[in-house]
Amino acid sequence: MGLNLGSISASISLVLLIVHHLPAQVQAPTKVGKWGLWEATLKSDRRYFNPFTEVTLIATFRSPSGKVHTVEGFYDGNRTWKVRFMPDEVGQWRWFIRAEPPDERLSASGKFECTSSKLHGPLRVHPQNPLWFAFADGTPVYLLSFHLWNLDAMDEEVLAKTLDFLKAQGFNAIVGPHLTPDRMAWEQLPDGRISFDRFNLSVWQGLDRALKLMAERGMVLIPFSIVGGTNRLPKVPDERQLDLLLRYWVARWQGFWNATFQPTSEWEEGYSEQEILQIGQRLHELTCGRFLISVHSLKVSSENIQRASWFGYHTVQDKLSDWNFRKFVWFVELFRRVPKPVFAHECLWEGNFYQREAGLDVDNLRKAAWVIALSGGHINYADEVVPPRRWQRREDVGVTFSELGAATKPLGQLYNSLSTLAKFMRSLPFWRMKPHPELASTKICLADLGQVYAAYVPNGGTVWVDLAKTEATFKFQWFNPRAGNWLEGGMVKGGVRREFQTPDSNDWVLLVSR
């Protein structure tokens, strides 16, 4: 399946190159925008007993500057193989595809032109401030993500409507899918056994569809569980079959600018630390360091994993199971110990079984979201509210918006608050800011020292902010996180600690800037 980036990337040519001077007949674009999807399709006339293992497609790409990239292709059913690639240089590229062992129908070569585009490239860690994300071209990104359990299995129209709704709310990323025993990465044989040497094309093609629809909307995909081994999914029995899965996964996703890699959920339930270190390192090698990689933990990964060179960002599971919304200030110490972005992966799941009544209290959820954001965290939200409005019990399967998307109605009440929060964060020069709890009496403060300070005041009253870094004059404003509006404050001179009084007893955000 090709990637149609629509209005975001009109630069992908629909012109197909038919190579006649070789025995193979290959379809491939002759023009692709920078960071766009280049995809070649080849078809063999041979019958392979297992096309996933008996032949390997190897593609070499030479960039305009002379850099060489080597990637693998993948089998996509019906005697069809594909090669995907994402060019990162403008100019003429040359490509060569060969099969091992040789298959003349799966060997071809050609060239294409990479043109300028509106795409920003894959998600990375910000090069100047590792608290934040940025796209490959340096554009800063504040992530607001939504959890979709079954995005690979959703009807295309339903998924498109779901993504449109979420984009309108300010979401720019999706976490999912969580594969299940009836929707696994591998093929299941008629007798019920799993063939770890063959792949479930229905699932993989569903993921292609999701990546394509998300790319059209400028949204990033963060997978929740692909490799299995936890949460009722089987663990690959040997290293060779595990490597086959990782190679197949990377071959399918390496052409999508909006892909990231996260192998499994709650890794501690099925893997040793050493196994995860090896999986992460292998993904890093296969992706050539071009994509973000992390791993989902029961709370936060061990420090050995956090400090691994392939580990791009912290994924945190710390559900809001009580009314202690301030607890997320510990994100600050996590970042200071291992300075990488902090992604609140499983913290704000409205209606979740483990959050119960505390996870239905919208004021509690909203305040926790602001603590997370102004402690330097990115947010992943799930709407697991069961009709008419109660928390999800074990038997409630397939009834929530995070499971069904637009096939049902969203019942969560946090959408507007998160949309407001995302707009506020994206209005700041957040990529220059870091958490500085010591600079505000509430201990919830982001700051670019001497330039801009954002402090959250959860319960109104008096708050002090330490402006001793400079004696410059600052403007201060109050932002209402409940309504999304601003109230003008006035001017203050720096050089000392200054006190401010909130407009009322509700929660407010104080912004002090030059």
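For the structure itself, look to the data block above.
The structure reproduced in this document is the subject of the present report. (Residues numbered from 1 in each chain as written. Predicted model: local features only at pLDDT ≥ 70, side-chain atom pairs only at ≥ 80, totals over all residues. Heavy atoms only, no water.)

## Considering the sheet that holds strand β10 (residues 108–115)
Phase 1: As summarised here, the arrangement of the five strands in space is β3-β10-β9-β5-β6, forming an open sheet in which the pairing is mixed. Where the open sheet ends on each side, the last strands, each with one partner, are β3 (31–33) and β6 (68–72). Across the sheet, the mean angle from the axis of one strand to that of its neighbour is 30°, orientation sign disregarded.
Phase 2: In the sheet, strand β5 (residues 56–62) pairs with β6 via five bridges, with the strands oriented antiparallel. Along β6, the bridge assignment pairs I58 with E72. (Pairing = 2+ DSSP bridges. Helix = DSSP H or I, 4+ residues; strand = E, 2+ residues; numbered from the N terminus. Axes fitted to C-alpha atoms, helices over the stretch in contact; angles between N-to-C directions.)

## Observations concerning helix α4 (residues 273–287)
Phase 1: A rise of 1.5 Å per residue sets the reference length of α4, with its 15 residues, at 21 Å; its end C-alpha atoms lie 21 Å apart and thus fit the reference within 8%.
Phase 2: Regarding α4, the residues found buried are I276, L277, I279, G280, L283, L286 and T287.
Phase 3: Close packing links the buried residues of α4 with α3 (239–253) and α5 (303–306). (Expected span 1.5 Å × (residues − 1). Buried < 20%, exposed > 50% of the residue type's maximum accessible area, 1.4 Å probe, protein only. Contact = heavy atoms within 4.5 Å.)

## Section: the packing of α3 against α4
Phase 1: In contact at an axis separation of 10 Å, α3 and α4 are set at 40° when each is read in the N-to-C sense. Viewed along their axes, α3 and α4 adopt a mutual orientation that is oblique. Here α3 and α4 pass one another in a crossing that is right-handed. Residues L242, D243, L246, R247, W249 and V250 of α3 form the contact with α4, whose participating residues are I279, R282, L283, L286 and T287. (Parallel < 35°, antiparallel > 145°, perpendicular 65-115°, else oblique. Left-handed = near helix turned anticlockwise from the far one by under 90°.)

## Quick look at empty space enclosed by the protein
Phase 1: In total, this model carries two cavities of 30 Å³ or more according to the counting rule given.
Phase 2: Roughly 140 Å³ of internal volume is contained in the largest cavity.
Phase 3: If you trace the largest cavity, you find 15 residues lining it, with F52, E72, G73, F74 and Y248 closest to the centre.
Phase 4: Residue assignment for the lining of the largest cavity shows that the elements contributing at least two residues are β5, β7 (74–75) and α3.
Phase 5: The element contributing the most residues to the lining of the largest cavity is α3, with four residues.
Phase 6: Here the second largest cavity defines a volume of roughly 90 Å³.
Phase 7: What lines the second largest cavity is H69, V71, F85, M86, Q254, L286, T287, C288, R290 and F291.
Phase 8: Elements supplying a minimum of two residues to the lining of the second largest cavity: β6 and α4.
Phase 9: In the lining of the second largest cavity, the residues fall into six nonpolar, three polar and one charged. (1 Å grid on protein atoms, 1.4 Å probe; cavity = no way out; pocket = protein on both sides within 12 Å on 5 of 7 lines; lining within 4 Å. Points joined across faces, edges and corners; volume = space filled by probe spheres on them. Nonpolar A, V, L, I, M, F, W, Y, C, P; charged D, E, K, R; others polar.)

## Here's the deal with the side chain of H178
Phase 1: Positionally, H178 belongs in the loop between β15 (173–175) and β16 (186–188).
Phase 2: Owing to a relative accessible area of 7%, H178 belongs among the buried residues under this scheme.
Phase 3: Within the structure, the side chain of H178 is placed 3.4 Å from the side chain of N231, a separation counted as a polar contact.
Phase 4: Among residues more than four places away in sequence, those in contact with H178 are W149, R183, F224, S225, N231 and S265. (Polar contact = N/O pair within 3.5 Å; in protein donor to acceptor, adjacent residues only side chain to side chain.)

## Points about the layout of surface pockets
Phase 1: Computed from the structure, the largest pocket encloses a volume of approximately 830 Å³.
Phase 2: Around the largest pocket, the lining comprises 26 residues; the ones closest to its centre are W149, H178, R232, E384 and R394.
Phase 3: Residues belonging to the lining of the largest pocket are distributed by class as follows: seven nonpolar, eight polar and eleven charged.

## Considering the packing of aromatic side chains
Each aromatic ring pair is characterised by the separation of its centres together with the angle its planes make.
Phase 1: The final tally for this structure, using the stated rule, is 51 aromatic pairs.
Phase 2: With a centroid separation of 5.6 Å and 75° between ring planes, the pair formed by F165 and F401 is classed as edge-to-face. In this pair, F165 sits in helix α1 (residues 156–168) while F401 sits in helix α8 (residues 401–404), placing the two residues 236 residues apart along the sequence.
Phase 3: The partly exposed category is assigned to F165, whose relative accessible area is 26%.
Phase 4: Judged by its relative accessible area of 3%, F401 is buried.
Phase 5: With centroids separated by 5.3 Å and ring planes inclined at 90°, the aromatic side chains of Y381 and Y415 adopt a geometry described as edge-to-face. (Phe/Tyr/Trp six-rings, centres within 6.5 Å; stacked < 30°, edge-to-face > 60°.)

## So, the pairing of β10
Phase 1: Where β3 lies against β10, three bridges are found, and the strand directions are parallel. Opposite G33, over in β10, you have T115 as the bridge partner.
Phase 2: Judged from the seven bridges that link them, strand β9 (residues 91–100) and β10 form a sheet pairing that is antiparallel. Bridge pairing links G91 to C114 in β10.

## Quick word on helix α2 (residues 201–216)
Phase 1: The terminal C-alpha atoms of α2 lie 22 Å apart, and with 16 residues this matches the ideal 22 Å at 1.5 Å per residue to within 8%.
Phase 2: Extensive coverage of α2 is indicated by the burial of 13 of its 16 residues.
Phase 3: Two or three places before S202, at the start of α2, stands the capping residue N200, its side-chain oxygen 3.1 Å from that residue's backbone nitrogen.
Phase 4: Two residues or fewer after α2 comes G218, characterised by a positive phi angle close to 70°.

## Things to note about the sheet that holds strand β14 (residues 144–147)
Phase 1: Strand order in this open sheet of six strands is β18-β15-β14-β21-β20-β19, and the pairing throughout is parallel. The two strands at the open ends of the sheet, each matched to only one other strand, are β18 (220–222) and β19 (314–317). Taking each pair of neighbouring strands and ignoring which way they run, the sheet shows an average axis angle of 25°.
Phase 2: The pairing of β14 with β15 spans three bridges and is parallel. In the sheet register, H147 faces β15, and the bridge partner there is V175.
Phase 3: Each of β20 (342–350) and β21 (377–383) is contacted by helix α7 (residues 362–374), which is oriented at about 180° to β20, the strand it contacts most.

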